Amino acid sequence: MAHDPGHAELHDPETDPLATYVLEPDDVRTLLDRVVASPGAATHTSHAPFTGGPIAAVPLSTPDDVARAARRARAAQRLWAARPLRDRIAVLSRVHDLVLERQGEVLDLIQLEAGKARVSAFEEVCDIAIVARHYAARAGRYLAPRRVPGLIPGLTTTKVLRHPVGVVGIVAPWNFPLTLTLGDVLPALVAGNAVLLRPDPQTSLTALWAAELLEDAGLPEGLLQVVVGDGPTVGAAVVEHADHVSFTGSTRTGRVVAAQAGERLVPATLELGGKNPMYVASDVDVEVVAEGAVRACFVGTGQVCVSIERIYVHEDVADEFLDAFARRARGLRLGAGLDYRSDVGSLTSAAQLATVVEHVEDAIGHGATVLTGGVHRTDLGPWFYEPTILTDVPPEARLFREETFGPVVAVYRVASDDEAVAAMNDSEFGLNASIWTADTRRGAALAARVRAGSVNVNEGYVSTWGSMGAPQGGTGASGLGHRHGREGLWETTRLQTVAVQHGVHGLLGGPGVGLHRLFDLGTETWPRVYTQALRAMKAARLP
Ligand code: NAD
């Protein structure tokens, strides 16, 4: 489709030449040296989404390099786990301060590599500060041994301990280069683990910057090993050496990673795809909801796992809502530029653009109506695509069910709350959902009926994601396990139950009272005695 002048244009190729966005090797030498790779290694050059120009040639790791990195990580981890928790917490606390101080550097890198608007990149900086603050404040509580009722009241002291698993392998995608690397590295480290990190090759510089930041924050050498390379080779090698796997990516790849981890019998956290729904009830202020919907659908150019791709709107407010939503979407400022002048950036890759174009064209072919957008903006950069709102999308269209992972949303009309909940739940995915209503009690009640790992009432996704004490994760095809909260920290620990019997070697100068005494009663007597004891324990309401 031709260029639609409806959207403000900020990037002017005349005044922003491609060269502005190309990094010289010396600019990033200290980052490149952090990749675990052998001398003379092959390199990977990713391309800046704003321009299509090369960013930097990053050395590639081989499976042997990954094995070497894992050995180093393992050696460093033993010392790290033995250090007091307060030392590990201190590193997180410094990360919090440093990431805010140096945000300018990383905002540039995130924008260069992922092509998102600066305001979206800033979300990642905030996210790291919140993750660091949360785990620095709560790790002590989350990791503390838990006392549970013992077998014999008063004589058995039972505690559940959490130990680090060892080396956590993180395989990260490209859409949140800082959040989905450093944001997962921090809890793994504070739990006493080392980390083997394979960022997506498109966004490896940001991950290498995070490694530098951690070193400056006082992380001892060897604990974070960064390897670079493609998924099937280097990503798979990370899975091969990890004691716990944290994978974020598509459902398709998640199944492959899960099978490999399953074969090795190591646990895996899988944060996968979504087709996240939103419901607009009949009692809302449509202008407020339209503003929220624009953020929920188009922030990060829609390449956000928890962003909204389906909206169900009550028929009583549907026309008004669609007007307001389309007006606001058209008003979004699209553009490149390492500043805050644009609201929406580029898609990250040609592949991502191809999926978006394919989904929209397929929907149109099946009778969908384009309310706004549907335009590939080659005038702004190679992979810019306008925020797009579709209506009349039939079930046969691919984007009715499949994740698009771009700035595209389909809007459907419903006649009741019940119809909305049924439609929201009609998906193999169950990652995130959003409900908008003036009646927050009604919203909370509806939320509990939606099959999704997180549901936001009167917000798109930020409220649940940013409630750092709460687990974030998907159900169904959206994955297994969680990040955030104590559950996220616990994923990288293994449990150990220690039960201590007291008085076995004598009690108050008398004979011992260990379990062996039961057997001493004789095979006829002890079942009778113990049956009475069990009845007594229930009567005493012992747990
Ligand atoms: P993808 O599955 O194609 O790739 C994800 C990563 O996996 C890539 O970096 C790739 O190199 C790597 N990979 C590929 N094969 C591998 C293998 N055999 N072993 C190990 N790693 C391998 O996904 P994508 O399109 O790059 O990323 C977008 C997807 O990620 C979307 O589906 C999105 O919803 C999902 N995502 C989910 C969350 C979440 O928290 N649930 C967050 C962000 C993104």
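Residues numbered from 1 in each chain as written. Predicted model: local features only at pLDDT ≥ 70, side-chain atom pairs only at ≥ 80, totals over all residues. Heavy atoms only, no water.

Here the focus is the overall build of the chain. Broken down by element type, the chain carries 19 helices and 20 strands. Here the C-alpha radius of gyration of the chain, 27 Å, is about what a compact globule of 543 residues would show, namely 24 Å. Taken along its principal axes, the extent of the C-alpha atoms in the chain is 95 × 65 × 40 Å. The buried share among the 543 residues of the chain stands at 54%. Expressed as a percentage of contacts within the chain between residues at least 6 apart in sequence, the contacts between residues at least 24 apart total 73%. Entry remark: accessible area of the chain is about 22,400 Å², with carbon and sulfur atoms responsible for 55%. Averaged over its 49 positive side-chain charges, the chain has a centre that lies 14 Å from the centre of its 63 negative ones. (Helix = DSSP H or I, 4+ residues; strand = E, 2+ residues; numbered from the N terminus. Rg over C-alpha atoms; globule rule 2.2 N^0.38 Å. Buried < 20%, exposed > 50% of the residue type's maximum accessible area, 1.4 Å probe, protein only. Contact = heavy atoms within 4.5 Å. Areas by Shrake-Rupley, 256 points an atom, 1.4 Å probe, with all protein chains shown as cover. Lys, Arg positive; Asp, Glu negative; His and termini not counted. Charge placed at Lys NZ, Arg CZ, Asp CG, Glu CD.)

Here we come to the site of the ligand. By nearness alone, 28 residues border the ligand, and Trp174, Arg198, Asp200, Ser250 and Glu403 come closest of all. Between the ligand and alanine 172 there is a distance of 3.4 Å, counted from an oxygen atom to a backbone nitrogen or oxygen. The separation between an oxygen atom of the ligand and a polar side-chain atom of tryptophan 174 is 2.6 Å. Contact with the protein chains covers 88% of the free accessible surface of the ligand, which is 850 Å². Within the residue set of the shell around the ligand, elements represented by two or more residues are α8 (231–241), β8 (244–248) and α9 (251–264). (Near = heavy atom within 4 Å. Polar contact = N/O pair within 3.5 Å; in protein donor to acceptor, adjacent residues only side chain to side chain.)

What follows deals with the sheet that holds strand β12 (residues 369–372). Sheet architecture is open: seven strands sit in the order β12-β13-β14-β11-β10-β16-β17, paired in mixed fashion. Across the chains shown, the open sheet's two edge strands, defined by having one partner strand only, are β12 and β17 (454–457). Recorded for the sheet is a direction-independent mean angle of 25° between the axes of neighbouring strands. Across four bridges, the pairing between strand β16 (residues 432–436) and β17 is parallel. Bridge assignment links serine 434 to a residue of β17, and that residue is asparagine 456. Lying on the sheet, helix α14 (residues 417–424) is in contact with β10 (276–280), β11 (308–314), β14 (408–414) and β16; it crosses β10 at an angle near 170°. (Pairing = 2+ DSSP bridges. Axes fitted to C-alpha atoms, helices over the stretch in contact; angles between N-to-C directions.)

Viewed as axis vectors pointing N to C, α8 and α9 meet at an angle of 30°, and their least axial separation amounts to 9 Å. Classified by the angle between their axes, α8 and α9 sit roughly parallel to one another. Once α8 is placed against α9, the crossing between them reads as right-handed. In this structure, α8 contributes Ala236, Val239, Glu240 and His241 to the contact, and α9 contributes Val257, Gln260, Ala261 and Arg264. Considered class by class, the residues forming the contact of α8 with α9 number four nonpolar, two polar and two charged. (Parallel < 35°, antiparallel > 145°, perpendicular 65-115°, else oblique. Left-handed = near helix turned anticlockwise from the far one by under 90°. Nonpolar A, V, L, I, M, F, W, Y, C, P; charged D, E, K, R; others polar.)

On to the UniProt feature "active site" (unreviewed entry) in the chain, then. UniProt records the feature "active site" (unreviewed entry) for Glu271 in the present numbering. According to the relative accessible area criterion, glutamate 271 is buried, its value standing at 6%. With sequence-adjacent residues up to four places away left out, glutamate 271 is seen in contact with Phe247, Thr248, Gly249, Gln472, Gly473, Gly474, Ser478, Gly481, His482 and Arg483. (UniProt positions renumbered as here; feature names shortened; annotations may be inferred.)

This brings us to the environment of proline 543. Tracing the sequence through the fold places proline 543 in the segment after α19 (525–539). Once the C-alpha coordinates of proline 543 and threonine 525 are considered, the two residues, 18 residues apart in sequence, prove to be 25 Å apart.

Mapped onto the elements, glutamate 309 comes out in strand β11. Residues in contact with glutamate 309, not counting those within four places in the same chain, are Lys275, Asn276, Glu402, Glu403, Thr404, Phe405, Gly406, Val408, Val409 and Ala410.

This prediction gives the chain a mean pLDDT of 94; 96% of its residues lie at or above 70. Here residues 1–11 scores under 50 on pLDDT; set against residues more than four positions off or in separate chains, the count is 37 contacts. (pLDDT = per-residue confidence, 0-100.)

Alternating positions in β17 separate cleanly, Ser454 and Asn456 being buried on one face and Val455 and Val457 remaining unburied on the opposite face. Tracing the backbone out of β16, into helix α15 (residues 440–447) and back to the parallel element β17 gives a crossover that is right-handed. (Right-handed = clockwise from strand over helix to strand, strands pointing away.)

Between its first and last C-alpha, helix α7 (residues 204–216) extends 19 Å over 13 residues, near the 18 Å set by a 1.5 Å rise per residue. Along α7, the residues that are buried comprise Ser204, Leu205, Thr206, Ala207, Leu208, Trp209, Ala210, Ala211, Glu212, Leu213 and Leu214. Among the residues trailing α7, glycine 218 stands out with phi positive, at a value near 105°. (Expected span 1.5 Å × (residues − 1).)

Another point: the nonpolar core. The biggest cluster of nonpolar side chains holds 84 residues, and the ones touching the most others in it are Val95, Leu182, Leu205 and Leu214. For this core, the element with the highest residue contribution is helix α5 (residues 118–143), accounting for eleven residues. Discounting residues that sit within four places of it in the chain, leucine 205 has contacts with Leu23, Val28, Leu31, Leu32, Ile55, Ala56, Val58, Leu109 and Glu113. Counting 33 residues, the second largest nonpolar core, distinct from the first, contains Phe50, Ala290, Ile308 and Ala324. (Core = buried A, V, L, I, M, F, W, Y, C linked by side-chain atoms within 4.5 Å.)

This next bit is on a nonpolar patch on the surface. Taken together, Leu151, Leu515 and Phe519 make up a surface patch of nonpolar side chains, about 280 Å² in accessible area. By secondary structure assignment, the location of leucine 515 is in the loop between β20 (493–501) and α18 (516–520). The exposure class assigned to leucine 515 is partly exposed, which follows from its relative accessible area of 33%. (Patch = residues over 30% accessible without salt bridge, like charges linked within 9 Å, V, L, I, M, F, W, Y side chains within 5 Å. Salt bridge = Lys/Arg side-chain N within 4 Å of Asp/Glu carboxyl O.)

Turning to the sheet that holds strand β19 (residues 479–480), a few remarks are in order. Within the open sheet, the six strands sit side by side as β7-β6-β5-β8-β9-β19. Their pairing is mixed. Looking at the sheet topology across the chains shown, the edges are occupied by β7 (224–226) and β19. The pairing of strand β6 (residues 194–198) with β7 spans three bridges and is parallel. By the bridge assignment, leucine 197 is partnered in β7 with valine 226. Helix-sheet contacts for α8 involve β5 (167–171), β6 and β8, and the interaxial angle to β6 is about 165°. Strands β8 and β9 (268–271) of the sheet are contacted by α9, whose axis makes an angle of about 175° with β8.

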